[in-house]
Each structure stands twice: as C-alpha cells, then as structure tokens.
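# Structural features, examined
The primary structure of each chain is shown beneath.
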Amino acid sequence: MGLLVVERRPSSFRRAALAAFVVAFVCGPASAATDVRTEPGGTRFMHIDGNDIRLEPGGTRLLYIDENTIRTAPGAPHVLYVDGDNLRPEPGGVRVAFFDGNTLRRSPGGPVLLVIDGKDIRKEAGGQRLLYLDGDPLSRQQLAAALYQWNPGLFKLSAAELAKIQEEMKAAADASSAAELNKFLGKFTILNSNIKFLSQGTTEIARQGDYYSITMDFGNGQKWIGIGVPRKVFQKDEIWVALGPTESINLGIYDNKADTIESVWIPYAALKSGAGSHGGEKLTGQPVFNGKYSIDEGKHMLGRGTYSGQLNIGIFPVPNDDQFKPRFLEYTFGNAKVNCIGAIIPYALERQSLIVASSTEKVFAVGRISEDTTSGVHLDFSTNTKVTGFVLLDK
C-alpha cells in the first residue's frame, strides 16, 4: 500500500514518504477534519468531521461512520462496509470495490476505479484531478465514506459484473462442496457398530452421476447395497441413503413446500438410468411428518404410471433421537398396503426432511452418512425391523 510512484525503484526519501502515507491512510485520526474540494482553494462541497460526513462544518450529516460500517445516521441500515481491503454493501456481501495500495479497483487485479495520489483523487495515474482532500489525513473508512457520498455509483456492480461474481461464487461453493464430499468416497474399513453382526468388514462408496452407490460387506455373509444423495445439514455435507440386500431398494425424500408436502422417490436403478427413473408424490396433511396424509398425486418410479392413496406416519421411539427421528410409514393403495421405514432429519433452523427406504426384502434400512470430530465418518440407520444403530468407518 502507498502513494502513486512513477519510478520502478523509489528513493529512500520516497520510501519514507510512502510509509508515512500508509500509516496516515490506514490509521488516520478519527477526529480528522478535512474538506473535500474539486481543487486546492476551490469550493468546499463536503466536510469530514471525525465519524461524520457533513455538507459543511456543523452542517447537515450526510453519512455516519460506525467503526467499519458506513450508515446514513447512527443505527441506520448499512450503505457500505469496510472489510479490510474490501468494500461491501453489507458484512458478508459481495465485493464492490477493493483498495489495492493507493488504487481503488473493482476487484484484486481488476479495473482501476480511482487513484489516491496524496491529497488528490484521480481517475488514473497522472490523470485529471477529480477531488482534492484539504485537511487532515483520512482513515480508510473516512475515505470510503467520502467517495461513496461523492459518487455512490462507484460501489454499484453492473448486471454483467454481478452475474460474473455470482457465477464465480457458485463455482467456488460447488468446488468446496465437491471437496467436502470427497471425504466420503473410497473404500472404508468398518471399525465398530452397536449391532454385533455389522461391526466388521468393509464399506465402499462411489460417485455415480448425481448419486452415490454404497456397498457394505460385513464379512459374515451379510451384505447391504444402496443408493445415496448428497444433502446439506446445517451447512455440513452428508449423504442420505437407503440400504438393503438387493437392488430392490429405493430412497424417498419428503419436504414441506408452501402449501403441500412433496416427495421424490429414487430407485436403485437411478445409478444407471438417472433422474428419468424418479417417482414422486404430493401429499395433503400436517407438516410434522406424523399422522394421516392423503396422497393426492403420485407418480410411480421407472415410469410405471400414476396413483393416489393414503399414508399413515407413526413415531418409532428411540432414546436420544434429536437428530435422527425414526418413523414407520404405511401406504394404502386400494386394498394393498406397503410398509416402509423413515427418519426425520433437521437440516436448517426450523426446517426438516423425512427420508424413507422401501424394498421388497424382509430387512432394509434408511440412513445418513456424515462426519463429526468424535466419530469421524459414520452411518446412522434405522431398519424396518425396529433396529437403530451406527457403523463407524475408517479409510
């Protein structure tokens, strides 16, 4: 950070001056009194008085500097936030400008918006003076507030700039999420389980398109296979799964919408055939995943037609079920009944989903694969035979 310097190798005198400017610019006194003019001796059109940006000394307050936040008045909403070298419309918001030494840019290495050349504000290095700072050195917050008052358009992104930033943020989030989910991929050794015959063997998790295939071999003739989907639970990645001994296993996920409950049903075959094999439902009933529901619109998996019917969801009580609440589900279609196992998973503040497993087998399970600091990567599950448990995994 420092003054605009033409020479590639500044002299010791210029280096000293540069250091002095850095200290003044970053740590300028909060009691600074500075007039903003178009030129030395020109008409004053703004006065910086400590934390206040005024029209003139003692005049109408235009902006108020509340530590790193710039407001129109004390307690008013943000108009600009100084986040180190970054300027944002609010804490955690997108970057709208960046202090690169004595240069104000749209982003690091991005287009130059202004050059702070001592007391002069210029459009570019050596260019025409736009503003003159007549008075005490300014802090970064004071300078940002003055520039915002002078030209708030400097801190507004064009539609193209905003779209580009949003695209970059999404790409970064997707990359971060993919990196997080990678910890669940590969072959694991089963370290332990609260169910004896599940306490040894191996588990292999592989990515197949939008889904995860799970293969669990307990080394005693017992094997489970399953399908999973990635979900965020309080900003942490998990895989929600349905498991059973054969490919007849299916995974359902129910979510509350504005005025209905909707589900998506994913068969094991989706590992090969993709989303075209999905089924789904729309339900009428209380958004608590407990009690009786009407299946108003149902679509069978694998394109096998439509249906309607009734669904009864009952509580499957287990101790310490705050984060994984088992449910029995009984579907009625005419004279036929189908029983499934489910579990409620809270995933955000006052938001929860119901995950369900169905199968034609005698025993099958619904579960979640997650990671925490005490257990590492592990599977929590409930079976349709009223067994709940966990399996600890290790690479």
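Our structure is the block above this text.
Heads up: these notes are all about the structure in this document.

Rules used in this analysis
Residues numbered from 1 in each chain as written. Predicted model: local features only at pLDDT ≥ 70, side-chain atom pairs only at ≥ 80, totals over all residues. Heavy atoms only, no water. Helix = DSSP H or I, 4+ residues; strand = E, 2+ residues; numbered from the N terminus. Buried < 20%, exposed > 50% of the residue type's maximum accessible area, 1.4 Å probe, protein only. Areas by Shrake-Rupley, 256 points an atom, 1.4 Å probe, with all protein chains shown as cover. Pairing = 2+ DSSP bridges. Axes fitted to C-alpha atoms, helices over the stretch in contact; angles between N-to-C directions. Salt bridge = Lys/Arg side-chain N within 4 Å of Asp/Glu carboxyl O. Core = buried A, V, L, I, M, F, W, Y, C linked by side-chain atoms within 4.5 Å. Contact = heavy atoms within 4.5 Å. Polar contact = N/O pair within 3.5 Å; in protein donor to acceptor, adjacent residues only side chain to side chain. Phe/Tyr/Trp six-rings, centres within 6.5 Å; stacked < 30°, edge-to-face > 60°. Lys NZ or Arg CZ within 6 Å of the ring centre and 35° of its normal.

Turning our eyes to something else, we now look at the overall build of the protein chain. Scanning the protein chain for helices and strands turns up four helices and 28 strands. Here the protein chain holds 395 residues, and 44% of them are scored as buried. If you sum the accessible surface of the protein chain, you get close to 20000 Å²; carbon and sulfur atoms cover 50% of it.

Before going further, it helps to examine the sheet that holds strand S22 (residues 306-315). Spatially, S18-S19-S20-S21-S22-S23-S24-S25 is the arrangement adopted by the eight strands of the closed barrel, whose pairing is antiparallel. Direction aside, the axes of adjacent strands within the sheet are offset by 30° on average. Alignment of strand S21 (residues 291-299) against S22, held across seven bridges, turns out to be antiparallel. Across the sheet, Gly291 pairs through a bridge with Ile313, a residue of S22.

Across five bridges, the pairing between strand S20 (residues 279-284) and S21 is antiparallel. Looking at the pairing, Leu283 lines up with Ile295 of S21. Hairpin connection of S21 to S22: six residues between the antiparallel strands, including Leu302 at a positive phi of 60°.

This part is about the sheet that holds strand S27 (residues 376-383). Strand order in the closed barrel formed by eight strands is S13-S14-S15-S16-S17-S26-S27-S28, with antiparallel pairing between adjacent strands. Neighbour-to-neighbour, the strand axes of this sheet turn through a mean angle of 30°, independent of strand direction.

For the coordinates displayed, the defined rule picks out 19 salt bridges. When the shortest N-O distance is used, the salt bridge between Asp255 and Arg231 registers 3.8 Å. With Asp255 in strand S18 (residues 250-256) and Arg231 in strand S16 (residues 223-233), this residue pair connects regions lying 24 residues apart in the sequence. Residue Asp255 is classed as buried on the basis of its relative accessible area of 14%. Here Arg231 falls in the partly exposed class, since its relative accessible area comes to 21%. Salt bridges sharing partners connect three or more residues here, namely Asp35, Arg37, Arg44 and Asp134.

So, about the nonpolar core. Membership of the largest hydrophobic core comes to 32 residues, with the highest contact counts inside it found for Leu80, Leu87, Leu104 and Phe155. Residue assignment for this core shows that the elements contributing at least two residues are strand S2 (44-49), strand S4 (61-66), strand S6 (78-83), strand S8 (97-100), strand S10 (112-117), strand S12 (129-135) and helix H2 (140-150). The contact partners of Leu87, leaving out residues within four places of it in the chain, are Leu80, Tyr81, Val82, Val94, Arg95, Val96, Ala97, Phe99, Leu104, Ala144 and Phe155. Judged by nonpolar contacts, the second largest core, of 25 residues, contains Ile249, Ile253, Ala357 and Phe364.

The next subject is the environment of Leu80. Here Leu80 lies in strand S6. In this structure Leu80 touches Asn68, Thr69, Ile70, Leu87, Arg88, Pro89, Val96, Ala144, Tyr148 and Phe155, once residues within four positions along its chain are discounted.

Attention now goes to unusual backbone geometry. Of note in the backbone geometry, Phe289 takes a positive phi value of approximately 55° without being a glycine. With respect to the secondary-structure elements, Phe289 resides in the loop between S20 and S21. What makes Phe289 buried here is its relative accessible area of 1%.

A few words on the side chain of Thr103. In this structure, Thr103 sits in strand S9 (residues 103-105). Leave out the neighbours within four places in its chain, and Thr103 touches Phe98, Val112, Leu114, Val115 and Ile116.

With that settled, the discussion passes to the pairing of strand S14 (residues 202-208). Taken together, the four bridges between strand S13 (residues 186-193) and S14 define a ladder with antiparallel strand orientation. The partner of Gly186 across the bridge, within S14, is Ile205. Where S14 meets strand S15 (residues 211-217), seven bridges bridge the pair, whose relative direction is antiparallel. Bridge pairing links Ile205 to Ile214 in S15.

All right, on to the environment of Asp237 then. Note on Asp237: relative accessible area 5%, which makes it buried. Along the chain, Asp237 and Phe184 lie 53 residues apart, while their C-alpha atoms are 9.5 Å from each other. Within the structure, the side chain of Asp237 is placed 3.3 Å from the side chain of Lys232, a separation counted as a polar contact.

This part covers the packing of aromatic side chains. This structure, assessed with the given rule, holds eight aromatic pairs. Centroid distance Phe218 to Trp224: 5.6 Å. Interplanar angle 90°. Geometry classified as edge-to-face. Since its relative accessible area comes to 1%, Phe218 is described here as buried. We classify Trp224 as buried; its relative accessible area is 6%. For the ring pair Tyr331 and Phe333, a centre distance of 6.1 Å and an interplane angle of 20° mean the geometry is stacked. When the ring centre of Tyr347 is taken as origin, the NZ or CZ atom of Arg231, which lies over that ring, is 5.8 Å away.

Looking now at H2. Judged by how many residues are buried, H2 sits mostly within the fold: nine of eleven residues are covered. Listed as buried for H2 are Arg140, Gln141, Gln142, Leu143, Ala144, Ala145, Ala146, Leu147 and Tyr148.

Here Leu198 is to be found in the loop between S13 and S14. We classify Leu198 as buried; its relative accessible area is 2%. If near-sequence neighbours (up to four positions away) are discounted, Leu198 is found in contact with Ile190, Ser193, Phe218, Trp224, Phe381 and Val391.

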